[in-house]
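In case you want the letters, here they are:
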Amino acid sequence: MSAFNLQTCARSNILALEPYRCARDDYKDDGTNVLLDANENAYGPSLPAAAISAASSSSGPEIDLLGLHRYPDPHQRDLKQLLCNLRNTHHHTNKAITPDNLFVGVGSDEAIDALLRCFCVPGRDRVLVCPPTYGMYSVSAQVNDVGLVKVPLLPAPMFALDTEKVVRTLSSEKNIKMVYLCSPGNPTGSLVAKEDVKKVLEHPTWNGVVVLDEAYIDFAPEGTSLAEWVAEWPNLVVMQTLSKAFGMAGIRLGAAFTSPPIARILNSLKAPYNISSPTSALASYAVSEDGLTVMRANREKIIKQRDRLIEELPKIKGVGRLRGGTTSNFLLYEILNAKGEPDNAIALAAYERLAEVKGVVVRFRGKEHGCLGCLRITVGTEEEGTRFLAALQTTLAEINGGDCRIPPKEEKKEVEANGVVA
Ligand SMILES: *Cc1c(COP(=O)(O)O)cnc(C)c1O
């Protein structure tokens, strides 16, 4: 039994909110009503005829451009049902989740922020994070004036959760309202063991919420997602996104699966029309059977290219060990100095030269906990992989040959300082 109590855990101002209702919740639109309730423009969207005919004659999924003058559905129950169908695998429970278990937002980033606003009193409450991890948890905490307590993951290559320390910290530190866990981790590519999540959920005295970020879960074996497990726990939130395996980062669609009471407060807090109608329509396509077929085919291609990088990278002089796991669409590799040690100066020089001389942009992660000398490389297409491997090989040869110069430019941008987190 967990010590979770929503009434004392969530902020009282948030608990007092009522979910948004519009006139159309009271008077369902059967298509024959005259809708004069929302100050929309009945003459339709200001789109040139050319744009409308181009959209309707294209072979892609049809978006109702002519319906864009109406506000979108604030509840998104149909989309939520499709997401439930996808995650009701019965690997982790016999119970089924329903649209009442869901919040959908503008990417998972909206869910990360909404949870902070639901549970954390600014200037008082804190969240526990496990570095190295996704940067948005701390950015969003800072925006909300919420403090961070850090319990680093155990050392590479496994980057497992230091579960005992997390549990002890939740006992000894005051005002920790949430634990953000990332599984598969970014930048670690490692899954958090279900047993470890369970130990945090079963904490005997801690009154808080476990947030499991499954942004990369579709790169894990079928049935790994713990989304449906929210039917068993009152204080588990599982976040997912269409930005990664589904290849839909541009539509901004994220989901949080949780208990109905937590879903209710998330839905009460959100802006009523956070999901646009084009986003909703495209998301529904992506998680339909046909969309899933495309996702699975693309995933196969990504995994093939990932395996190729794992095979080829160690053959390049100056590339060190793979750190972390491979349950994702990126890889974390050490870059070595002449002595064969992982080295941030060399990794940073390689990162900058790759981008500025070769036009290949990867991510320098050497300053993250336990990631000394590491670059994070997203798995791209076969051609991109070919170009990356050749560029890295010559770049490291040049750097090790003593050539760290970057051709002069007007002004070099401070790339890492700007809170770029993805
Ligand atoms: C990319 C990523 C996300 C996705 O965020 P969206 O806002 O849904 O695009 C969430 N969590 C992690 C760990 C990520 O790497």
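Just so it is clear, the structure is predicted and the values come from calculations on it, not from any experiment. (Residues numbered from 1 in each chain as written. Predicted model: local features only at pLDDT ≥ 70, side-chain atom pairs only at ≥ 80, totals over all residues. Heavy atoms only, no water.)

Considering the packing of helix α8 (residues 163-172) against helix α9 (residues 194-201)
Working step 1: It is at 10 Å that the axes of α8 and α9 come closest, and there the two elements cross at 15 degrees. In terms of orientation, α8 lies roughly parallel with respect to α9. For α8 against α9, the interelement crossing comes out right-handed. Counting all contacts with α8, which are made through T163, E164, V166, V167 and L170, the residues of α9 involved are D196, K199 and V200. (Axes fitted to C-alpha atoms, helices over the stretch in contact; angles between N-to-C directions. Helix = DSSP H or I, 4+ residues; strand = E, 2+ residues; numbered from the N terminus. Parallel < 35°, antiparallel > 145°, perpendicular 65-115°, else oblique. Left-handed = near helix turned anticlockwise from the far one by under 90°. Contact = heavy atoms within 4.5 Å.)

Brief notes about the pairing of strand β3 (residues 147-150)
Working step 1: Of the pairings in the sheet, the one linking strand β2 (residues 126-129) to β3 comprises four bridges and is parallel in character. By the bridge assignment for β3, V129 is matched with K150.
Working step 2: In this view, the connection linking β2 to its parallel neighbour β3 by way of helix α7 (residues 136-143) has right-handed handedness. (Pairing = 2+ DSSP bridges. Right-handed = clockwise from strand over helix to strand, strands pointing away.)

Quick look at the nonpolar core
Working step 1: Counting residues in hydrophobic clusters, the biggest one holds 81 residues, and the most contacted among them are L313 and F388.
Working step 2: Shared between two domains, this core holds at least three residues of each, these being domain 1 (6-22 + 71-287) and domain 2 (293-418).
Working step 3: Setting aside anything within four residues of it in sequence, one finds F388 in contact with L309, L313, L354, V360, V362 and I377.
Working step 4: In this structure, L115, L116, V127 and M239 belong to the second largest nonpolar core, which totals 33 residues. (Core = buried A, V, L, I, M, F, W, Y, C linked by side-chain atoms within 4.5 Å. Buried < 20%, exposed > 50% of the residue type's maximum accessible area, 1.4 Å probe, protein only. Domains from an automatic or database assignment.)

A short note on the site of the ligand
Working step 1: As a matter of local geometry, the ligand sits amid 13 residues, with S108, D213, T241, K244 and R252 nearest to it.
Working step 2: Within the side chain of Y216, one N or O atom sits 2.7 Å away from an oxygen atom of the ligand.
Working step 3: At a separation of 2.6 Å, an oxygen atom of the ligand approaches a polar side-chain atom of R252.
Working step 4: Notes on the ligand: free accessible area 390 Å², of which the protein chains cover 96%. (Near = heavy atom within 4 Å. Polar contact = N/O pair within 3.5 Å; in protein donor to acceptor, adjacent residues only side chain to side chain. Areas by Shrake-Rupley, 256 points an atom, 1.4 Å probe, with all protein chains shown as cover.)

Focus: helix α14 (residues 382-400)
Working step 1: Compared with an ideal rise of 1.5 Å per residue, which puts 19 residues at 27 Å, α14 spans 27 Å between its outermost C-alpha atoms and is within 8% of the ideal.
Working step 2: All of the buried residues in α14 are G385, F388, L389, A391, L392, T395, L396 and I399.
Working step 3: Against α12 (289-312), β8 (319-323), β9 (330-335), α13 (344-358) and β11 (374-378) lie the buried residues of α14.
Working step 4: Where α14 ends, the next residue or the one after it, G402, has phi of about 95 degrees, a positive value. (Expected span 1.5 Å × (residues − 1).)

Regarding the domain arrangement of the protein
Working step 1: Structurally, the protein comprises domain 1 (6-22 + 71-287) and domain 2 (293-418).
Working step 2: Computed from C-alpha coordinates alone, the two centres of domain 1 and domain 2 are separated by 30 Å.
Working step 3: Of the roughly 1800 Å² buried between domain 1 and domain 2 on both sides combined, carbon and sulfur atoms contribute 61%.
Working step 4: If you sort the residues of domain 1 by the area they bury against domain 2, P187, G189 and F219 come out on top, with a joint share of 32%.
Working step 5: One can count two salt bridges joining domain 1 with domain 2.
Working step 6: With its nearest N and O atoms 3.3 Å apart, the salt bridge here joins E222 to R299.
Working step 7: Along the contact surface separating domain 1 from domain 2 lie eight residue pairs in polar contact (both at pLDDT 80 or more). (Buried area = accessible area lost by both parts, 1.4 Å probe. Salt bridge = Lys/Arg side-chain N within 4 Å of Asp/Glu carboxyl O.)

Points about the packing of helix α6 (residues 107-119) against helix α10 (residues 260-269)
Working step 1: Running from N to C, α6 and α10 point in directions that differ by 100 degrees, and their axes come no closer than 10 Å. Regarding the angle of α6 to α10, the classification is roughly perpendicular. Only I262, I265, L266 and L269 of α10 make contact with α6, whose side of the interface consists of A114, L115, R117, C118 and F119.
Working step 2: Within the contact of α6 with α10, the residues separate by chemical class into eight nonpolar, no polar and one charged. (Nonpolar A, V, L, I, M, F, W, Y, C, P; charged D, E, K, R; others polar.)

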